[in-house]
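Residue strings, one per chain:
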Amino acid sequence: MSIKFDIKNTGDFLSCKELEYFGPFVDRAHSMLHEKSGQGNGYLGWVDLPVNYDKEELERIKQAAEKIRSESEVFIVTGIGGSYLGSRAAIEALTHSFHNMLPSNKRNGPEIYFAGNNISSTYLADLLEVIDGKEVSINVISKSGTTIEPAITFRILKDYMEKKYGTLNAGKRIYATTDKSQGVLKKLADSKNYEYFVIPGNIGGRFSVSTAVGLLPMAVAGIDVDGLLSGAAKGYELYQKPFLDNPSYIYAAARNALYRKMKTVEIMVSYEPSLHYFTEWWKQLFGESEGKDGKGIFPAVLDFTTDLHSMGQYIQDGLRNIFETVLRVEKPGKDIKINEDVENLDKLNFLAGKTMDFVNKKALDGTMLAHQDGGVPNFLVKIPEMTPYYFGQLVYFFEKACGISGYLSGVNPFDQPGVEAYKRNMFALLGKPEYEKEKEILERRLYNNSQ
């Protein structure tokens, strides 16, 4: 079995003829990826990563994970964007919904927290309160070591660890995932004798789920990383087939076809709360890859049925520039049967004997039909069950589609020049020495805006 992609719920918005039109362009985009002839070709290491990963490093990752699991009550992953979303997506999708709240004998591993993905003093202070008195290990993830959110957070956490364990012993509990040979974090790891793992130089952060960036936190959570890589390898096999036999490529072409019809917002929808951070990872993957040169589909995410009670009205009757990509997990991890109630005050006895997942699936089916009737095309991604194998395949499905889709839309999917603008302004306003001239200009603008 493998992941299936269904476009039947696009109704009259998309025809086979329109899809077939994209055939030659998809073939060209495929060649640009596999022959490394397109823009951003220095960042295509993810394409064959599932069959070409570093086996020795994977063994080191597993050994480090076992050490962390055996000696730590808490594990803190410190990173932002692609340096944390993939691992968090996997951990949320593949472990218990309330992982950190389980008693240790049922959790079978440390509590896992994420830091460095914001600059909130309250968040970090609360985290330090939660971990007080517990045995802690940290994984700091950054290719450069200078990204401000994880850098500030790690400075504070490093100080906490060194006061708690002493400098030498703290170094045995801190693991760095960074560039192989350069950067501030690599230099720090060498000087402090941290064990470190490599972010490949030819793989951008948002495509790094199946590298050490994602694999170490996953392994610490007890996830079968071999199974995940096996699923990604199956994706590598499946998603280089010819266009019309390739669901990943069909998805890439279909979303571009809708974009040309002014469907400029794509909402990824999940009916499982455990997939919330997977959709957040997808949002970064496509938003950072395609949103440039004055164009790009805007990626948004919603959790159904929860958000049907807040956004359902807009989707049904609002501006008609939306299409949806719906994730459907065919076999739930667990299920609960609905019992008959003698009083039946809620009038739900017609559901007696059914399961909650059955109701959830009917909500999915009914919502798709309603949105289609309301002018919102729907794509359906069918996942047989949420296991490490299918998670790995799902990640590769969207990575490959993203590369193809970016080239179809005429952008370089592997750079992100726009994210530097806010960083320059922030550093200037914070008083970083090399931005001294900009600081005066920006402060004047802020003053004028406040008047």
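Rules of the game
- Residue positions are given per chain, counting from 1 as you read along its sequence in written order.
- With pLDDT at 70 or above as the cut-off, local features in this predicted model cover only qualifying residues; side-chain atom pairs require 80 or more to be listed or tallied, and sums for whole chains, interfaces and linings still use all residues.
- As a rule here, side-chain values cover all heavy atoms of the structure and leave hydrogens and water aside.
- Between N-to-C directions, angles span 0 to 180 degrees; the directions come from axes that are lines fitted to C-alpha atoms, helices contributing only their stretch in contact.
- Helix and strand definitions here come from DSSP, where helices need a minimum of 4 consecutive H or I residues and strands a minimum of 2 consecutive E residues; each element is numbered from the N-terminal end.
- Between 65 and 115 degrees an angle is taken as roughly perpendicular, under 35 as roughly parallel, over 145 as roughly antiparallel, and anywhere else as oblique.
- Should the near helix be turned anticlockwise from the far one by less than a right angle, the crossing is termed left-handed; should it be turned clockwise, right-handed.
- By definition, residues are in contact when any of their heavy atoms lie within 4.5 Å.
- Residues are grouped as follows: nonpolar covers Ala, Val, Leu, Ile, Met, Phe, Trp, Tyr, Cys and Pro; charged covers Asp, Glu, Lys and Arg; every other residue, Gly included, is treated as polar.
- Residues qualify for a patch when their relative accessible area is over 30% and they have no salt bridge, like charges being joined within 9 Å and the nonpolar side chains of Val, Leu, Ile, Met, Phe, Trp and Tyr within 5 Å.
- Using a 1.4 Å probe, the Shrake-Rupley method yields the accessible areas, and only the shown protein chains count as cover for residues.
- One speaks of a salt bridge when a side-chain nitrogen belonging to Lys or Arg is within 4 Å of a carboxyl oxygen belonging to Asp or Glu.
- Buried Ala, Val, Leu, Ile, Met, Phe, Trp, Tyr and Cys residues that are joined via side-chain atoms within 4.5 Å together make up what is termed a nonpolar core.
- Exposed residues in this analysis have more than 50% of their type's maximum accessible area, buried residues have under 20%, and partly exposed residues fall in between, with area computed by a 1.4 Å probe over protein chains only.
- Whether two strands pair depends on DSSP finding at least two bridges between them.
- Centres within 6.5 Å make a pair out of two Phe, Tyr or Trp rings, where for Trp the six-membered ring is used; the pair is then stacked when the planes are under 30 degrees apart, edge-to-face when over 60, and tilted otherwise.
- Geometrically, a charge over a ring is one whose NZ (Lys) or CZ (Arg) sits within 6 Å of the ring centre while staying within 35 degrees of the ring normal.

> How should I be thinking about the packing of helix 13 (residues 276-290) against helix 16 (residues 388-408) in this particular structure?
Packed helix pairs are characterised by how far apart their axes lie and by the angle those axes make with each other. Running from N to C, helix 13 and helix 16 cross one another at 20 degrees; their axes reach a closest spacing of 10 Å. Classified by the angle between their axes, helix 13 and helix 16 sit roughly parallel to one another. Relative to helix 16, helix 13 is oriented so that their crossing is right-handed. In contact with Phe278, Trp281, Trp282, Leu285, Phe286, Ser289 and Glu290 of helix 13, helix 16 contributes Phe391, Leu394, Val395, Phe398, Glu399, Ala401, Cys402, Ser405 and Gly406. By residue class, the composition of the contact of helix 13 with helix 16 is 11 nonpolar, three polar and two charged.

> What is the right way to read a nonpolar patch on the surface from this model?
On the surface, Ile119, Ile152 and Ile156 cluster together into a nonpolar patch covering about 240 Å² of accessible area. Positionally, isoleucine 119 belongs in the loop between strand 3 (111-115) and helix 6 (121-131).

> Teacher, can you tell me more about the nonpolar core here?
As a rule of thumb, nonpolar side chains are buried together in soluble globular proteins. Of all hydrophobic cores here, the largest spans 90 residues; its most connected members are Trp46, Leu216, Tyr251, Phe278, Trp281, Phe391 and Phe398. Looking at this core, the element that brings in the most residues is helix 16, giving 12 residues. In this structure, tyrosine 251 is in contact with Phe5, Glu266, Trp282, Phe286, Thr325, Phe379, Phe397, Phe398 and Ala401, ignoring residues within four places of it in sequence. Ranked by size, the runner-up nonpolar core spans 21 residues in total, among them Ala115, Met161, Ile174 and Tyr194.

> Just checking my understanding: could you explain the sheet that holds strand 10 (residues 378-385) for this structure?
Hydrogen bonds between backbone atoms are what pair the strands of a sheet, whose relative direction is either parallel or antiparallel. Read across the open sheet, the five strands follow the order 1-10-9-7-8; overall the sheet is mixed. Here the strands that pair on one side only, and so sit at the sheet edges, are strand 1 (4-6) and strand 8 (298-303). For this sheet, the mean inter-axis angle between neighbouring strands, taken without regard to orientation, is 20 degrees. Where strand 9 (residues 322-331) and strand 10 come together, seven bridges link them in parallel fashion. Looking at the pairing, arginine 328 lines up with lysine 382 of strand 10. Sheet contacts for helix 13: strand 7 (265-270), strand 8 and strand 9; angle to strand 8, the most-contacted strand, approximately 175 degrees. The strands touched by helix 16 are strand 1, strand 7, strand 9 and strand 10; relative to strand 10, the strand with the most contacts, the crossing angle is about 155 degrees.

> Would you mind going over the environment of glycine 375 with me for this structure?
Along the chain, the position of glycine 375 falls in the loop between helix 15 (356-373) and strand 10. Judged by its relative accessible area of 13%, glycine 375 is buried. Remark: the alpha-carbon pair of glycine 375 and threonine 10, spanning 365 residues in sequence, is separated by 9.1 Å. With sequence-adjacent residues up to four places away left out, glycine 375 is seen in contact with Phe13, Lys263, Arg320 and Ile322.

> Just to check I follow, could you spell out the side chain of asparagine 9 for this structure?
With respect to the secondary-structure elements, asparagine 9 resides in the loop between strand 1 and helix 1 (16-21). If we ignore the near neighbours within four places in the chain, the residues touching asparagine 9 are Met368, Leu369, Gln372, Pro377 and Asn378.

> Quick question: what am I supposed to make of unusual backbone geometry here?
Note that the residue after phenylalanine 304, namely threonine 305, is joined by a cis bond; omega there is 5 degrees. Tracing the backbone shows threonine 305 in the loop between strand 8 and helix 14 (312-317). Although it is not a glycine, lysine 36 sits at a positive phi angle of roughly 55 degrees. Looking at the secondary structure, you find lysine 36 in the loop between helix 2 (23-34) and helix 3 (55-71). Even without being a glycine, lysine 347 presents a positive backbone phi close to 60 degrees. With respect to the secondary-structure elements, lysine 347 resides in the loop between strand 9 and helix 15.

> I would appreciate a short explanation of the packing of aromatic side chains in the present structure.
Between two aromatic rings, the relevant description is the distance of the centres plus the angle of the planes. All told, the structure shown has 27 aromatic pairs when counted by the stated rule. Relative to tyrosine 251, the ring of phenylalanine 5 has its centre 5.5 Å away and its plane inclined at 70 degrees; by these criteria the two rings are edge-to-face. Of this pair, phenylalanine 5 sits in strand 1 while tyrosine 251 sits in helix 12 (residues 247-259), and the two are 246 residues apart along the sequence. Judged by its relative accessible area of 14%, phenylalanine 5 is buried. Since its relative accessible area comes to 0%, tyrosine 251 is described here as buried. With 5.1 Å between their ring centres and 85 degrees between their planes, tyrosine 389 and tyrosine 390 make a pair best called edge-to-face. Residue tyrosine 390 is classed as buried on the basis of its relative accessible area, which comes to 10%. Within the aromatic cluster, the residues linked to one another by ring pairs are Phe5, Tyr239, Tyr251, Phe278, Trp281, Trp282, Phe286, Phe323, Phe379, Phe391, Phe397 and Phe398. Across the ring face of tyrosine 53, the terminal group of lysine 55 is positioned such that the distance to the ring centre comes to 4.3 Å. When the ring centre of phenylalanine 427 is taken as origin, the NZ or CZ atom of lysine 432, which lies over that ring, is 4.2 Å away.

On their own, these measurements won't tell you what the molecule is for.
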